[in-house]
Amino acid sequence: MKIFVPQDMAAVAVGANRVAAAIEAEARARNIPVTIVRNGSRGMFFMEPLVEVATASGRIGYRNIGVADVPGLFEARFFDGAPHARCVGHVEEIAYLAKQTRFTFGRAGIIDPLSLEDYRHHGGYKGLEAALSAGPAAIVAAVKESGLRGRGGAGFPTGIKWETVARAQADRKYIVCNADEGDSGTFADRLIMEADPFMLIEGMTIAGVAVGATKGYVYIRSEYPLAIRMMRRAIEIAERAGYLGSGINGSAHDFDLEVRVGAGAYVCGEETSLLESLEGKRGQVRPKPPLPAIEGLFGRPTIINNTISLASVPFILAEGAKRYAEVGYGRSRGTMPVQLAGNVKQGGLFECAFGVTLGELVDEIGGGTASGRPVKAVQAGGPLGAYFPPSMFDTPYDYEAFAKRDGLIGHGGLVVFDDTADMAQMARFAMEFCALESCGKCTPCRIGSTRGVETFDRIRAGIEPEKNLALVRDLCETMKFGSLCALGGFTPYPVLSAINHFPEEFRAPKLPAAAE
Amino acid sequence: MDQTPAQWNDEAARAVIRDHVGEEGPLLPILHALQESFGHVPRAAEPLIAEALNITRAEVHGVISFYHDFRREPAGRHVLKLCRAEACQSMGSEANARRLLDALGLDWGGTTPDGRITVEAVYCLGLCATAPGALFDDEPVGRADAATLEALVAEAA
Ligand SMILES: Cc1cc2nc3c(=O)[nH]c(=O)nc-3n(C[C@H](O)[C@H](O)[C@H](O)COP(=O)(O)O)c2cc1C
Ligand code: SF4
Ligand code: FES
């Protein structure tokens, strides 16, 4: 009997390890032979811990299981997939999952993340095999044809980046995976690394073959201890099986992979700052040009891509670029793992084709707020993304459509707020976060954000709100145009969207923000 | 999970540093390894690292101070990291944190006088769909409402 209890960090955070231990103990006490598989999460975090049982008709799920529920589950014979108050039936038929288009997250939660056998059985390494027989030029062509755009935030076409690195001449090239995932409201990179780490390894290996790079780094934020452990173990397993190292998969290509750990700096998610950090320096942003594709890590041509971007590649090679590109909206091709977070009833990962509206995502998929109160705003795209009021929920999920409304998709996070949210406080926080995380290179970012915080404190105290709001707008202009990177340059998005969509909240005096 | 870091000692630190000197870009791995062994990266580490990597002490200092992770002084016996980013704020994390800090008489980053617990801020743990999020001695905690935090702190010996 196979029972699945996720080892995903968010599942563990709500008790999955204790539940796994309780199931094991209960099974032993009752003399029932069970095998517990620690799978990744399906991404339906609102159901975690979600315990699944393999039955002849497929996997049956039991949601929100706590230690106290375990004896009852055994009484009900859950191991046979029997009914129980928490039973959600066939997991694949749950609407939240059934409505998704799982190109990249197709294995998440299904397989044992560290079983190569499971991985291969579910289509793993088909992409690399196709890539090796197609050759470097055809790989780059396929990635271009797929229309894949960088999922880290900027949406730059991945194929074009790869082509630049492929053309560059150098003694050494690098593949760097940006797994710094600092945006609040996002966890897709984490889910990939914890649920399907070989997929990322495969994607990076394909990138290496495509551009002639022999060394790769996965830069993972220190806030993800489990993902770090999983990636390290998966790399060891792949090495032992000949999928990494010299002559990968029997080919003439060599590729080594190593995990490096960040140190709590949000700005190190910015690609050039990340490269500085990998080199052992302060994570200060480099001016561009030169592009990392020409002069990247240690001055060598470097592909630096987000985790989702790289993890999307095996599917594209295995199933064909057309299959990926045929879904989507406008110039946003393929799928996006939208991450529903914050005050939302059904928080989790929802991979779907571009084009669904913001409202469908928040109200229908997310089910509205967790508190049951009305939605006031959604911050899309992390701490540098705009706040959208419900009146803008008709915006289709598409890079260009969001940009047209002064917002961004970013890394796919949507943070929901109910009507108790204090938008002036959120605007102040955006400035505060920028001040805290600024790398210090440009004055508008470093000083402007600190001035922004002070100005908001005056506004919230009711001191000359009109004059001070005008000052904030000026600061935003300066930051927008005088910043080297998007930390300083995009902080105006959350600030101005809060002011523009919720002007009344900046006029009524409030208590000053809690002192630091 | 009790983590009892070793007392700082130059010889042991040199050995930790030596393990990483041959790597590409060894400085961050060294700093992480030192913090893992000793619970912090004191000033005494700077000349040792500078010497091993053949860079200036000022450079080493500049790097350590840039990153939020590296502690200059030992932490308490337990470390509670509370997420202060937006998704957790939407679920009331700030009020919970304020209450807890007040009850402990601490400010962010502070350690109780008995050395029992240090409370630090983090900005997102990827637990944003089960917010508020926290890390208690590296164990993730989700749906960390005021009562959950209180219970965690009460347990910490
Ligand atoms: C302040 C800042 C933080 C960023 N954080 C991340 C991050 O955590 N992960 C990421 O993939 N990209 C991040 N980016 C975007 C990267 O600079 C870069 O665009 C991305 O890694 C390129 O990969 P992609 O083309 O696959 O998206 C950040 C950018 C800025 C300005
Ligand atoms: S905008 Fe801010 S974070 Fe970006 S380079 Fe300038 S100072 Fe550094
Ligand atoms: S915002 Fe708190 S865990 Fe992501």
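What counts and what doesn't
- Residues numbered from 1 in each chain as written.
- Chains lettered and ligands numbered in written order.
- Predicted model: local features only at pLDDT ≥ 70, side-chain atom pairs only at ≥ 80, totals over all residues.
- Heavy atoms only, no water.
- Helix = DSSP H or I, 4+ residues; strand = E, 2+ residues; numbered from the N terminus.
- Rg over C-alpha atoms; globule rule 2.2 N^0.38 Å.
- Buried < 20%, exposed > 50% of the residue type's maximum accessible area, 1.4 Å probe, protein only.
- Contact = heavy atoms within 4.5 Å.
- Areas by Shrake-Rupley, 256 points an atom, 1.4 Å probe, with all protein chains shown as cover.
- Lys, Arg positive; Asp, Glu negative; His and termini not counted.
- Charge placed at Lys NZ, Arg CZ, Asp CG, Glu CD.
- Buried area = accessible area lost by both parts, 1.4 Å probe.
- Salt bridge = Lys/Arg side-chain N within 4 Å of Asp/Glu carboxyl O.
- Polar contact = N/O pair within 3.5 Å; in protein donor to acceptor, adjacent residues only side chain to side chain.
- Nonpolar A, V, L, I, M, F, W, Y, C, P; charged D, E, K, R; others polar.
- Phe/Tyr/Trp six-rings, centres within 6.5 Å; stacked < 30°, edge-to-face > 60°.
- Lys NZ or Arg CZ within 6 Å of the ring centre and 35° of its normal.
- Near = heavy atom within 4 Å.
- Core = buried A, V, L, I, M, F, W, Y, C linked by side-chain atoms within 4.5 Å.
- Domains from an automatic or database assignment.
- Pairing = 2+ DSSP bridges.
- Axes fitted to C-alpha atoms, helices over the stretch in contact; angles between N-to-C directions.
- Parallel < 35°, antiparallel > 145°, perpendicular 65-115°, else oblique.
- Left-handed = near helix turned anticlockwise from the far one by under 90°.

Caption draft 1: A look at the overall build of chain A. Within chain A one finds 21 helices and 16 strands. On C-alpha atoms alone, chain A measures out to a radius of gyration of 23 Å, which is about the 24 Å that the 2.2 N^0.38 rule sets for 516 residues. Along the first, second and third principal axes, the C-alpha atoms of chain A reach 70 × 60 × 40 Å. Scored against the burial criterion, the 516 residues of chain A give a buried share of 61%. At a minimum sequence separation of 6, the contacts of chain A that also span at least 24 residues come to 71%. Carbon and sulfur atoms make up 52% of the accessible area of chain A, which amounts to about 18000 Å² in all.

Caption draft 2: A look at the overall build of chain B. Broken down by element type, chain B carries 7 helices and 4 strands. Reported as C-alpha extents along the three principal axes, the dimensions of chain B are approximately 50 × 30 × 25 Å. Looking at chain B as a whole, 55% of its 157 residues are labelled buried. Relative to all contacts within chain B whose residues are 6 or more apart in sequence, the contacts with residues 24 or more apart total 59%. Of the roughly 6900 Å² of accessible surface on chain B, 51% is carried by carbon and sulfur atoms. For chain B, the distance from the average position of its 13 positive side-chain charges to the average position of its 24 negative side-chain charges is 4 Å.

Caption draft 3: Local environment of the interface of chain A and chain B. Taken residue by residue, the interface counts 65 residues in chain A and 40 residues in chain B. Buried area between chain A and chain B, both sides added, is near 3800 Å², and the carbon and sulfur share of it is 57%. On the surface where chain A and chain B come into contact, there are 2 salt bridges. Among the ionic pairs, Glu24(B) bridges to Arg172(A), the shortest N-O distance being 3.3 Å. For the interface between chain A and chain B, the tally reads 26 residue pairs in polar contact (both at pLDDT 80 or more). Those elements that place two or more of their residues in the side of chain A that touches chain B are helix H1 (9-13), strand E7 (215-220), strand E8 (256-261), helix H12 (271-278), strand E12 (335-342), strand E16 (413-418) and helix H17 (423-437) of chain A. Here the side of chain A that touches chain B is composed, by residue class, of 34 nonpolar, 18 polar and 13 charged.

Caption draft 4: Focus on the packing of aromatic side chains. Residues and elements named next belong to chain A. Throughout the structure, instances matching the rule amount to 29 aromatic pairs over all chains. Note on Phe-74 and Phe-78: the rings are 5.1 Å apart at their centroids and 70° apart in plane angle, and the pair reads as edge-to-face. The same class applies to Phe-74 as to Phe-78, namely buried. Residues Tyr-96 and Phe-350 carry aromatic rings whose centres are separated by 5.8 Å and whose planes lie at 80° to one another, so their mutual orientation is edge-to-face. Note that Tyr-96 is positioned in helix H4 (residues 95-98) and Phe-350 in strand E13 (residues 348-353), a separation of 254 residues in sequence. There is no split in this pair, since Tyr-96 and Phe-350 are both buried. A connected cluster of aromatic rings, assembled from ring pairs, spans Phe-354, Phe-388, Tyr-397, Tyr-399 and Phe-402. The ring centre of Phe-4 lies 3.5 Å from the NZ or CZ of Arg-59, which sits over that ring.

Caption draft 5: Here's a closer look at the site of ligand 1. Residues and elements named next belong to chain A. Taken together, 18 residues sit near ligand 1, with Gly-152, Glu-271, Asn-305, Asn-306 and Ser-309 positioned nearest. Within the backbone of Glu-271, a nitrogen or oxygen atom sits 2.9 Å from an oxygen atom of ligand 1. Elements that contribute at least two residues to the shell around ligand 1 include exactly strand E9 (302-306) and helix H20 (486-490). Take the shell around ligand 1: its biggest share by element is 3 residues, from E9. Its residues assigned to classes, the shell around ligand 1 shows 4 nonpolar, 8 polar and 6 charged.

Caption draft 6: Structural view of the pattern of salt bridges. Summed over the entire model, instances satisfying the criterion amount to 46 salt bridges over all chains. Its salt-bridge partner being Arg260(A), residue Glu258(A) comes within 2.9 Å of it at the nearest N-O pair. Looking at Glu258(A), the relative accessible area reads 22%, which means it is partly exposed. Across the salt bridge formed by Glu94(B) and Arg84(B), the nearest N and O atoms sit 2.8 Å from each other. A residue pair is termed long-range when its members are at least 10 positions apart, and Glu94(B) in helix H6 (residues 93-104) and Arg84(B) in the loop between strand E1 (78-83) and helix H5 (86-89) qualify at 10 residues. The exposure class of Arg84(B) is buried, given its relative accessible area of 8%. Connected through shared salt-bridge partners, Arg42(A), Glu52(A), Arg59(A) and Glu92(A) make up one network.

Caption draft 7: Just the nonpolar core, in detail. Counting 157 residues, the largest nonpolar core has Trp162(A), Ile201(A), Val218(A), Ile220(A), Leu34(B) and Ile49(B) as its most contacted members. Not counting chain neighbours up to four residues away, the residues in contact with Ile49(B) comprise Ile17(B), Leu27(B), Ile30(B), Leu31(B), Leu34(B) and Val60(B). Of all hydrophobic cores here, the second largest spans 32 residues; its members include Tyr96(A), Val378(A), Phe388(A) and Tyr397(A).

Caption draft 8: Quick look at the domain arrangement of chain A. All names here are of chain A. In terms of domain boundaries, chain A breaks down into domain 1 (2-98), domain 2 (123-325), domain 3 (328-418) and domain 4 (423-506). The gap between the C-alpha centroids of domain 1 and domain 3 is 29 Å. Each partner contributes residues to the interface: domain 1 has 5 residues there, and domain 3 has 8 residues. When domain 1 packs against domain 3, close to 490 Å² is buried across both sides, 56% of that on carbon and sulfur atoms.

Caption draft 9: Structural view of the sheet that holds E7(A). Residues and elements named next belong to chain A. The strand order across the open sheet built from 4 strands is E8-E7-E6-E9, with neighbouring strands paired in parallel fashion. Single-partner strands in this sheet number two, and they are E8 and E9. The mean angle between the axes of side-by-side strands here comes to 20°, regardless of whether they run parallel or antiparallel. Note: strand E6 (residues 174-179) against E7, 6 bridges, orientation parallel. Following the sheet pairing, Val-176 is matched in E7 by Tyr-217. The strands that helix H13 (residues 307-319) touches are E6 and E9; relative to E9, the one it contacts most, it runs at about 95°.

Caption draft 10: Highlighting the domain arrangement of chain B. The assigned domain composition of chain B is domain 1 (10-66) and domain 2 (78-155). Here domain 1 of chain B and domain 2 of chain B have C-alpha centroids that lie 29 Å from each other.

Caption draft 11: Representation of the site of ligand 2. Neighbouring ligand 2 are 13 residues, the closest being Cys439(A), Lys441(A), Cys442(A), Cys445(A) and Cys485(A). Here the shell around ligand 2 is composed, by residue class, of 8 nonpolar, 4 polar and 1 charged.

Caption draft 12: The arrangement of the side chain of Glu505(A) in detail. Relative to the helices and strands, Glu505(A) resides in the segment after helix H21 (492-501). Using a relative accessible area of 13% as the deciding quantity, one classes Glu505(A) as buried.

Caption draft 13: Main features of the packing of H6(B) against helix H7 (residues 146-155) of chain B. Residues and elements named next belong to chain B. At their nearest, the axes of H6 and H7 sit 9 Å apart, and the two run at 30° to each other. In terms of axis orientation, H6 runs roughly parallel to H7. As for how H6 packs across H7, the hand of that crossing is right-handed. Along the contact surface, H6 presents Asn-96, Arg-99, Leu-100 and Leu-104, while H7 presents Ala-146, Leu-149, Glu-150 and Val-153. Here the contact of H6 with H7 is built from residues that sort into 5 nonpolar, 1 polar and 2 charged.

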